[in-house]
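Residue strings, one per chain:
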Amino acid sequence: MGKSERHWRNGISRRQALAGLATFLAGSPVLRAQQDPFPLAGHRRVPGFSEMTSAYDFEPVFRANVSRAVYDYTARGTDSEFTLRRNREAFDWVDLVGGKQIAPDTVDTSLEMFGERLATPIMLAPTARQRPLHPDGELGMYEAATAAQSAMIVSHASSFPFDRIAEAARGPLWFQFYPRPDRELSRQILHDAQNAGCRAVVVTIDQTASAYERALHNRHLGGEPRTIERPSAEDLGNPYGISSGRLWYEWSYLADIRPMIAVPMLAKGILTGEGALRCVDIGFDGIVVSNHGGRALDYGPSTLEVLAEVVDAVGGRVPVLIDSGFRRGRDVLKALALGADAVCLGRVPRWGLGAYGVPGAQRVLEIVQAELVQAMAALGRPTLAALDRTAVRTEFP
Amino acid sequence: MNSQGGPPLPPSGELINVPEFEAAARAVLPTGVFATLAGGNRAPFERMTFRQKLMVDGTGIDLSTELFGERMFAPTIIGPVSAQNAYHAQGELETARGAAAAKTIMVVSSRSSRSVEAIAAETDAALWFQVYSDEGLAARSAIHRAVGAGVKAVCITVNDPSASDRRAFGPPRVDWDAVNRIADGAGVPVIVKGVLAPEDAERATRHGMQGIVVSDHGAGAPGRVAGAPIDVLPDIAAAAGDRLAVLIDGGFRRGTDILKALALGARAVLLARPIMWGLAAYGAAGVAAVLFLLHNELARSMVAAGRPAVALIDRALVRIHTR
Ligand SMILES: Cc1cc2nc3c(=O)[nH]c(=O)nc-3n(C[C@H](O)[C@H](O)[C@H](O)COP(=O)(O)O)c2cc1C
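Overview of the structure. Values in this document were obtained by computation on a predicted structure and should not be read as measured data.

Section: the overall build of chain B
- Within chain B, the regular secondary structure consists of 13 helices and 12 strands.
- For 323 residues, the compact-globule estimate of 2.2 N^0.38 gives 20 Å, and chain B sits close to it at 19 Å.
- Overall size of chain B, expressed as C-alpha extent along the three principal axes, is 50 × 45 × 40 Å.
- When burial is assessed residue by residue, chain B has 58% of its 323 residues classed as buried.
- Residue pairs in contact within chain B that sit at least 24 positions apart in sequence constitute 69% of those at least 6 positions apart.
- When the accessible surface of chain B is totalled, it reaches about 11,700 Å², and 53% of it is carbon and sulfur.
- Of the side chains in chain B, 32 bear a positive and 31 a negative charge, and the two mean positions are spaced by 5 Å.

What follows is the structure, given as structure tokens:
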């Protein structure tokens, strides 16, 4: 939140009071990080498609369209949601340094990555289960991404099988993979995805143990109270109630699957220079700086505050991508200036798809892309190559 | 229905974090009684983030740790709270039952509403006994009795002045003569609770103490900039070295809070108000549920941080920010 945004929020207005009341009634005490500084939630009228001017405009429409549980699954973060909030706060710690304004139509946001030309550095992060957002699910999302010329990363936990998604459109399509302890099963999954035409594989290595406790708030919404199922210590193999599915992760596994992936292979969930170096040593072709949108370790840092450390450690050997908390073109620009090669959006396209289906997902991507162009023009940076650390001033705490 | 006969509460197993237990306690307790359990300074925890290690095998996730030669299920201890009959009709007996269910040590206050013998008869949990340094001879005989009832350690609380005294006199110092008079001949490990200065950690060792609790007795005002127990912990742990078990309390509400204290040099964390919230709302089941949630959060954070055993938690895990 910028200063004026904060001022506006702190001021007394009927709109804010209504928004605050709605939030209170919904029983979600910590919505700050998710909320537009200009929340439409306080209005009774659902705004129309043509009224969408920023990514945030889609969020309340999406929220109104889906059930509480579906909304929470998209919105929430781990435990106290410190990291979820910090992801947004971090953009306040980076100021843009003005240059000589140029015409937006002279700005070129294209780049080359892994030998392919991409029209924009704004990509779609892999996010699971998109069908509850809209019946078109990932098929619609891929169509929208292609129409908006953004590359899409399909989640391993997609609602539709990857090969069906791959047939839905023609734009650049990557596959995100969750490690499976069984090497043969891993080989099969990776083979199938590459066979279906994925142009890169993103291996997600964070989120070994986390719970979105806020998502559990979908109780007490009428009907029988629902007791949370807690599996027994014997089932889990530990007396602490943590699900054991991903506890086994170890570095040697990544070396084992490296030969199974012929396309570029990226590691997602890196937050330190050491971690990035280790991945480069194993043979990864790219790094995604991510805290899973505040859904991995609570009280982890924001991705923006550790980006420069990772970029410096990697030293240009492989591309560095980033996600978590990006909502506006200016947010994207800050990461690019700090050395990221591309920025992935997780929740933003989900809001778009959930609000208005395929046209919504396409529109929300185009809005953020246009904001990036505007911001680059305002700073007088015509290309991504011209965008370096002199475009920002950072003051991380 | 809840244990106090007040408004209906959801079953304790439905609550998903410690703040929800606080809300449950607020719902069942008279306002004045709840006020004795309110508060806790969260600000210092908000200035600390983790630097995680990835791909560390967490299948053997283990919270157990050793203190005074005994294996503990987890690095958590139920801290001393006086007169617990204010929160539940069965008072300390119920807390002790919850402690047993959660396999957690309970510290019994010399100002408990039930005798230490009665509490000991109620539980398999290890008990410690706490007295005040200004109780003189009475403290000595109380300790004698408690040791007879089987308590495993004694905790002597020092420096529990009101917040205004603290402002007037700066950081409080320990009256070691008073402590020594009480500790002498206890026959079990003695821990001094209320240390906030590194010099007092050094003196504690010299006076033959086995442990200290870094604590301001929960007095920390929200928003205070520095000087909370977790803020002074690193210096105190450095001064204590390996000779002294450094424990801590004050405002711990999350598994990640506990993880931070362990990284900054504490061997275990004492919990008081969160336990009383569980007690007030659900009796022994609430006490156990609060501990279960904290252990669950701690275990998840340890795995995600790449430190799946207590011995692996190192100083490098925590980054302290200026604001
Ligand atoms: C609802 C939801 C589902 C997600 N599912 C996955 C997933 O299946 N695989 C994965 O690697 N990351 C997943 N993520 C994390 C995203 O890839 C990305 O790291 C994060 O959403 C970026 O933050 P943002 O949502 O603030 O843009 C998910 C995130 C959300 C919000």
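Quick look at the interface of chain B and chain A
- Taken together, the contact pairs 44 residues of chain B with 51 residues of chain A.
- Counting the surface lost from both chain B and chain A, the interface buries some 3,900 Å², and carbon and sulfur atoms represent 55% of this.
- Interface area lost by chain B to chain A is led by Glu14, Met55 and Arg300 of chain B, which between them contribute 20%.
- Joining chain B to chain A, the criterion identifies four salt bridges.
- The residue arginine 51 of chain B makes a salt bridge to glutamate 309 of chain A at a minimum N-O spacing of 2.9 Å.
- Where chain B touches chain A, the interface holds 16 residue pairs in polar contact (both at pLDDT 80 or more).
- Looking at the side of chain B that touches chain A, the elements that each hand over two or more residues are helix H3 (43-46), strand S1 (48-50), helix H11 (255-263) and helix H13 (284-304) of chain B.
- When residues in the side of chain B that touches chain A are grouped by element, the largest group, 10 residues, is from H13 of chain B.
- Here the residues of the side of chain B that touches chain A are counted per class, giving 18 nonpolar, 13 polar and 13 charged.

Focus on the packing of aromatic side chains
- Scanning all chains against the criterion turns up 15 aromatic pairs over all chains.
- Measuring from ring centre to ring centre gives 5.9 Å for tyrosine 56 of chain A and tryptophan 351 of chain A, while their planes differ by 35°; the resulting arrangement is tilted. Taken together, the positions of tyrosine 56 of chain A in helix H3 (residues 55-65) and tryptophan 351 of chain A in helix H14 (residues 347-379) put the pair 295 residues apart, joining distant regions of the chain.
- Classification of tryptophan 351 of chain A by relative accessible area gives buried; the value is 0%.
- Plain terms: the ring middles of phenylalanine 162 of chain A and phenylalanine 175 of chain A are 5.1 Å apart, the flat faces sit at 70° to each other, and that makes the pair edge-to-face. Separated by 13 residues along the polypeptide, phenylalanine 162 of chain A in helix H7 (residues 162-166) and phenylalanine 175 of chain A in strand S6 (residues 173-177) bring together distant segments of the chain. For the pair phenylalanine 162 of chain A and phenylalanine 175 of chain A, one class covers both residues: buried.
- Ring pairs connect the aromatic residues Phe49, Phe58 and Tyr356 of chain A, which therefore count as one cluster.
- The ring of tyrosine 73 of chain A carries arginine 295 of chain A above its face, with NZ or CZ at 5.0 Å from the centroid.
- The lysine or arginine in question, lysine 260 of chain B, covers the ring of tyrosine 299 of chain A, its NZ or CZ lying 3.5 Å from the ring centre.

Quick look at the side chain of histidine 321 of chain B
- Note that histidine 321 of chain B resides in the segment after strand S12 (318-320).
- Reaching out from histidine 321 of chain B, the side chain makes a polar contact with the side chain of arginine 86 of chain A at a distance of 3.4 Å.
- With residues up to four places along the chain from it excluded, the contact list for histidine 321 of chain B reads Arg86, Glu305 and Pro397 of chain A together with Arg47, Met48 and Thr49 of chain B.

Topic: the sheet that holds strand S5 (residues 105-109) of chain B
Residue and element names in this part refer to chain B.
- Spatial strand order, S4-S5-S6-S7-S8-S9-S10-S11: eight strands in a closed barrel with parallel pairing. Adjacent strand axes in the sheet meet at a mean angle of 30° when their direction is disregarded.
- Inspection of the sheet shows strand S4 (residues 76-78) paired to strand S11 (residues 268-271) by three bridges, in the parallel sense. Pairing of isoleucine 78 across the sheet is with leucine 271, part of S11.

A few points about the pattern of salt bridges
- One pass over the full model with this rule turns up 27 salt bridges over all chains.
- Between glutamate 274 of chain A and arginine 51 of chain B there is a salt bridge, with the nearest N and O atoms lying 2.7 Å from each other. Note that glutamate 274 of chain A is positioned in helix H11 (residues 273-282) and arginine 51 of chain B in the loop between S1 and strand S2 (65-67), a pairing that runs across two chains.
- A residue is classified by how much of its surface remains accessible, and arginine 51 of chain B, at 21% relative accessible area, is partly exposed.
- For aspartate 257 of chain B, the salt bridge is made with arginine 42 of chain B, and the minimal N-O distance between the two is 2.5 Å. Placement of aspartate 257 of chain B in helix H11 and of arginine 42 of chain B in the loop between helix H2 (31-35) and H3 is noted, with a sequence separation of 215 residues between them.

Concerning empty space enclosed by the protein
- Inspection of the entire model under this criterion finds five cavities of 30 Å³ or more.
- The computed volume of the largest cavity comes to approximately 160 Å³.
- Along the walls of the largest cavity sit 23 residues, with Asp206 and Gln207 of chain A together with Gln52, Leu54 and Ala304 of chain B positioned nearest its centre.
- Along the lines of polarity and charge, the residues of the lining of the largest cavity split into 11 nonpolar, nine polar and three charged.
- Size it by volume and the second largest cavity reaches roughly 70 Å³.
- Around the second largest cavity, the lining comprises 13 residues; the ones closest to its centre are Asn41, Asp216, Pro229, Gly250 and Gly251 of chain B.
- Listing elements by their share of the lining of the second largest cavity, those giving two or more residues are H3 and helix H10 (229-240) of chain B.
- Looking at side-chain class alone, the lining of the second largest cavity contains five nonpolar, six polar and two charged residues.

Section: the state of the cysteines
- Going through the model one piece at a time under the given rule, you end up with zero disulfides over all chains.
- Free of any disulfide, cysteine 279 of chain A has its nearest neighbouring cysteine sulfur in cysteine 344 of chain A, separated by 15 Å.

A word on the environment of alanine 268 of chain B
All names here are of chain B.
- By the secondary structure assignment, alanine 268 is in strand S11.
- Here the alpha-carbon distance between alanine 268 and leucine 67, two residues 201 residues apart in the chain, equals 8.6 Å.
- Non-local contacts of alanine 268, meaning those with residues more than four positions away in its chain, are made with Met72, Pro75, Thr76, Ile77, Val246, Leu247, Ile248 and Leu262.

A look at the site of the ligand
Residues and elements named next belong to chain A.
- Surrounding the ligand, one finds 23 residues, the nearest of these being Pro126, Ser155, Thr204, Asp323 and Gly325.
- One nitrogen or oxygen atom from the side chain of serine 155 is found 2.6 Å from an oxygen atom belonging to the ligand.
- Between an oxygen atom of the ligand and a side-chain N or O atom of serine 290, the distance comes to 3.3 Å.
- The fraction of the free accessible surface of the ligand (590 Å²) that becomes covered by protein chains is 99%.
- Taken together, the residues of the shell around the ligand sort by class into six nonpolar, 11 polar and six charged.

Each value, and the rule that gives it
- Residues numbered from 1 in each chain as written.
- Chains lettered and ligands numbered in written order.
- Predicted model: local features only at pLDDT ≥ 70, side-chain atom pairs only at ≥ 80, totals over all residues.
- Heavy atoms only, no water.
- Helix = DSSP H or I, 4+ residues; strand = E, 2+ residues; numbered from the N terminus.
- Rg over C-alpha atoms; globule rule 2.2 N^0.38 Å.
- Buried < 20%, exposed > 50% of the residue type's maximum accessible area, 1.4 Å probe, protein only.
- Contact = heavy atoms within 4.5 Å.
- Areas by Shrake-Rupley, 256 points an atom, 1.4 Å probe, with all protein chains shown as cover.
- Lys, Arg positive; Asp, Glu negative; His and termini not counted.
- Charge placed at Lys NZ, Arg CZ, Asp CG, Glu CD.
- Buried area = accessible area lost by both parts, 1.4 Å probe.
- Salt bridge = Lys/Arg side-chain N within 4 Å of Asp/Glu carboxyl O.
- Polar contact = N/O pair within 3.5 Å; in protein donor to acceptor, adjacent residues only side chain to side chain.
- Nonpolar A, V, L, I, M, F, W, Y, C, P; charged D, E, K, R; others polar.
- Phe/Tyr/Trp six-rings, centres within 6.5 Å; stacked < 30°, edge-to-face > 60°.
- Lys NZ or Arg CZ within 6 Å of the ring centre and 35° of its normal.
- Pairing = 2+ DSSP bridges.
- Axes fitted to C-alpha atoms, helices over the stretch in contact; angles between N-to-C directions.
- 1 Å grid on protein atoms, 1.4 Å probe; cavity = no way out; pocket = protein on both sides within 12 Å on 5 of 7 lines; lining within 4 Å.
- Points joined across faces, edges and corners; volume = space filled by probe spheres on them.
- Disulfide = S-S within 2.5 Å.
- Near = heavy atom within 4 Å.

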